[in-house]
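# Fold and contact review
Residue strings, one per chain:
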Amino acid sequence: MDVKITVVRKACYQDLSALYENPIEHACDVCEGQVFISRDGHKPEGLCDSAWGSMREFVEELARGGGNFFDGWMKDPRSAMISCNDGFRPVSFYLEAIEP
């Protein structure tokens with residue numbers, strides 16, 4: 001089964017970056033509304049490794065036909081809302097199982 005991964009929100013905590021982060025030249029490239037499709041639980045082309053690390057297990061479970069994470073957490077049991085692990089620039093992704 002395929003899993004649609006939609007970027008629903010990007011945040012940027014400039015105050016935390018100023019306090020704790022060394023300057024970086026390149027940050028996250030994704031845009032709100034951007035969509036990736038995972039085929040058979042595999043990482044989609046162009047999705048950052050850090051974001052994939054945060055969502056991989058959820059995507060793989062949805063691809064196998066599973067879901068209902070945490071006993072009814074999501075209104076749609078075949079979905080999940082996952083954020084990447086960047087504490088300075090977190091991105092929220094909506095994952096949903098779709099028919100290929």
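Cut-offs applied
Residues numbered from 1 in each chain as written. Predicted model: local features only at pLDDT ≥ 70, side-chain atom pairs only at ≥ 80, totals over all residues. Heavy atoms only, no water. pLDDT = per-residue confidence, 0-100. Helix = DSSP H or I, 4+ residues; strand = E, 2+ residues; numbered from the N terminus. Salt bridge = Lys/Arg side-chain N within 4 Å of Asp/Glu carboxyl O. Buried < 20%, exposed > 50% of the residue type's maximum accessible area, 1.4 Å probe, protein only. Pairing = 2+ DSSP bridges. Axes fitted to C-alpha atoms, helices over the stretch in contact; angles between N-to-C directions. Contact = heavy atoms within 4.5 Å. Patch = residues over 30% accessible without salt bridge, like charges linked within 9 Å, V, L, I, M, F, W, Y side chains within 5 Å. Areas by Shrake-Rupley, 256 points an atom, 1.4 Å probe, with all protein chains shown as cover. Phe/Tyr/Trp six-rings, centres within 6.5 Å; stacked < 30°, edge-to-face > 60°.

Here we take up the confidence of the model for the chain. Keep in mind that low pLDDT regions are not for reading the predicted coordinates in detail. On average, residues of the chain score 94 in pLDDT, and 99% of them are at 70 or above. Considering each helix and strand of the chain separately, the mean pLDDT is smallest for helix 1 (residues 14-20), with a value of 95, and largest for strand 2 (residues 35-38), with 98.

This part is about the pattern of salt bridges. Here the structure, examined in full by the defined rule, presents six salt bridges. Notably, a salt bridge pairs Lys-43 with Asp-49, separated by 3.2 Å at the nearest N-O pair. Given a relative accessible area of 35%, Lys-43 falls into the partly exposed group. When its relative accessible area of 59% is taken as the criterion, Asp-49 is described as exposed.

One open sheet accounts for four strands, arranged 2-1-4-3; its pairing is antiparallel. Looking at which strands have only one partner, the edges of the open sheet turn out to be strand 2 and strand 3 (79-83). Put simply, the sheet's adjacent strands are angled 25° from each other on average, direction ignored. Its contacts with the sheet put helix 2 (residues 49-63) on strand 1 (2-10), strand 2, strand 3 and strand 4 (91-98), and the angle it makes with strand 4 is roughly 15°.

A contiguous nonpolar surface patch, about 390 Å² in accessible area, is contributed by Val-8, Phe-70, Trp-73 and Met-81. As for its placement among the helices and strands, Met-81 is situated in strand 3.

The subject of this paragraph is the packing of aromatic side chains. If you walk through the whole model with that rule in mind, you get four aromatic pairs. Note on Phe-58 and Trp-73: the rings are 6.5 Å apart at their centroids and 55° apart in plane angle, and the pair reads as tilted. Highlighted residues: Phe-58 in helix 2 and Trp-73 in the loop between helix 2 and strand 3, separated in sequence by 15 residues. For Phe-58, a relative accessible area of 18% gives the class buried. Residue classification places Trp-73 among the partly exposed residues on the basis of a relative accessible area of 38%. Judged by centre distance (5.5 Å) and plane angle (75°), the rings of Phe-70 and Trp-73 are edge-to-face. In this structure an aromatic cluster arises from ring pairing among Phe-58, Phe-69, Phe-70 and Trp-73.

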